[in-house]
Amino acid sequence: MHQITSEPVWRISFSLSEKLLVDDFTMAQRKCFLLLKIILKALAVDINTELEEELGDENFIPFKVSGFLLKHTMFWTMEEVNLDEWRMNNLHGCILHVLGKLQIFLKDKCIPHYFFGKRKNLLHGDLIENTKEEMSVLDGKCKMMLDGIGRLKNNKYLLERIISCTNNEHLVGLPMELENITF
């Protein structure tokens, strides 16, 4: 049980540090991140429709991979993947690197905060008491995300089709320019 106190509580924010890192993304890294956000959002719609039909609208936990989780996964991936691989003609490979890293994190049920490491598990953000029931919900969310990402990685045609739309300077069909995307 959490006690409410009148004393101030301090929270450390890394939003400026994150912004500085994102500002240093290459164009290929920006496109990779944006494409992943678009792909995972589209995947979520499909999975949630299936789950709602299967379980009913009151009995399912919606599938979602937030931009925040994705951004921290991207930071970790960039630590491991050589800068030479982050090329426009290798977007498919870049996306697979990030999805692979996300799969590893989800199997461990831990997406570590980029600045705190494993001391701060971003998947625990919804947990309050760290009870058996909450851990069961977390297990379910991780399994659902893993299943969805597995589907996506196995659909090479979909990934290649989406990436083929990005051969120009701007993403086809989207009103924004990559230089103006906020993360």
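Quantities reported herein were computed from a predicted structural model and do not represent experimental measurements.

Novice: It is not clear to me how the overall build of the protein chain should be interpreted in this structure. Could you clarify?
Specialist: A tally of regular secondary structure across the protein chain gives 6 helices and 2 strands. The secondary structure elements of the protein chain, listed N-terminal to C-terminal, are α-α-α-α-β-β-α-α. Within the protein chain, contacts between residues separated by at least 24 positions form 71% of all contacts whose residues are at least 6 apart in sequence.

Novice: Looking at this structure, how should I read the pattern of salt bridges?
Specialist: Any two side chains of opposite charge can pair if their charged atoms end up close together. Throughout the structure, instances matching the rule amount to 5 salt bridges. Among the ionic pairs, Lys-19 bridges to Asp-23, the shortest N-O distance being 2.9 Å. Here Asp-23 and Lys-19 lie together in helix H1 (residues 15-23), a separation of 4 residues that amounts to about one turn. On the basis of relative accessible area, Asp-23 is assigned to the partly exposed category, the value being 39%.

Novice: Mind showing me how you'd approach the packing of helix H2 (residues 27-55) against helix H3 (residues 67-80) here?
Specialist: How two helices pack is summed up by the angle between their axes together with the distance between the axes. For the pair H2 and H3, the least separation of the axes is 11 Å and the interaxial angle reads 140°. For the element pair H2 and H3, the recorded crossing hand is right-handed. From H2, Gln-29, Cys-32, Phe-33, Leu-36, Lys-37 and Leu-40 reach across to H3, where they touch Gly-67, Leu-70, Lys-71, Met-74 and Met-78. For the contact of H2 with H3, a count of residues per class yields 7 nonpolar, 2 polar and 2 charged.

Novice: In this structure, what is going on with the nonpolar core? I would like to understand it.
Specialist: When a protein is soluble and globular, its nonpolar side chains tend to lie buried together. Counting 37 residues, the largest nonpolar core has Cys-32, Leu-40, Leu-106, Ile-111 and Leu-123 as its most contacted members. Counting only elements with at least two residues in this core, the list comes to H2, H3, helix H4 (91-107) and helix H5 (132-154). In terms of residue count, H2 provides more of this core than any other element does, 9 residues in total. Non-local contacts of Cys-32, meaning those with residues more than four positions away in its chain, are made with Met-74, Trp-86, Leu-91, Cys-94, Ile-95 and Val-98.

Novice: How should I be thinking about the pairing of strand E2 (residues 117-121) in this particular structure?
Specialist: Successive residues of a regular strand alternate their side chains across the two faces of the sheet. Of the strand pairs in this sheet, strand E1 (residues 112-113) and E2 are connected by 2 bridges, and their pairing is antiparallel. The residue of E2 that forms the bridge with Pro-112 is Asn-121. In sequence, E1 turns back onto E2 through a hairpin of 3 residues.

Novice: Please explain unusual backbone geometry as it appears in this structure.
Specialist: Glycine aside, residues mostly have negative phi, and peptide bonds are mostly found in the trans state. Its identity is not glycine, yet Lys-109 carries a phi of approximately 55°, on the positive side. Along the polypeptide, Lys-109 turns up in the loop between H4 and E1. Note on Lys-109: relative accessible area 31%, which makes it partly exposed.

Novice: Please clarify how the environment of His-124 should be interpreted in this entry.
Specialist: With respect to the helices and strands, the residue His-124 is situated in the loop between E2 and H5. In this structure, the C-alpha to C-alpha distance between His-124 and Leu-138, residues 14 residues apart in sequence, is 7.8 Å. If we ignore the near neighbours within four places in the chain, the residues touching His-124 are Met-135 and Leu-138.

Novice: Would you mind going over the side chain of His-72 with me for this structure?
Specialist: With respect to the element layout, His-72 can be found in helix H3. Residues in contact with His-72, not counting those within four places in the same chain, are Glu-18, Pro-112, His-113, Tyr-114 and Leu-122.

Novice: What should I look at first to understand a negative patch on the surface in this one?
Specialist: Where like charges cluster on the molecular surface, the negative patch consists of Glu-52, Glu-53, Asp-57 and Glu-58. Among the structural elements, Asp-57 can be located in the loop between H2 and H3.

About the cut-offs
Residues numbered from 1 in each chain as written. Predicted model: local features only at pLDDT ≥ 70, side-chain atom pairs only at ≥ 80, totals over all residues. Heavy atoms only, no water. Helix = DSSP H or I, 4+ residues; strand = E, 2+ residues; numbered from the N terminus. Contact = heavy atoms within 4.5 Å. Salt bridge = Lys/Arg side-chain N within 4 Å of Asp/Glu carboxyl O. Buried < 20%, exposed > 50% of the residue type's maximum accessible area, 1.4 Å probe, protein only. Axes fitted to C-alpha atoms, helices over the stretch in contact; angles between N-to-C directions. Left-handed = near helix turned anticlockwise from the far one by under 90°. Nonpolar A, V, L, I, M, F, W, Y, C, P; charged D, E, K, R; others polar. Core = buried A, V, L, I, M, F, W, Y, C linked by side-chain atoms within 4.5 Å. Pairing = 2+ DSSP bridges. Patch = residues over 30% accessible without salt bridge, like charges linked within 9 Å, V, L, I, M, F, W, Y side chains within 5 Å. Areas by Shrake-Rupley, 256 points an atom, 1.4 Å probe, with all protein chains shown as cover. Lys, Arg positive; Asp, Glu negative; His and termini not counted. Charge placed at Lys NZ, Arg CZ, Asp CG, Glu CD.

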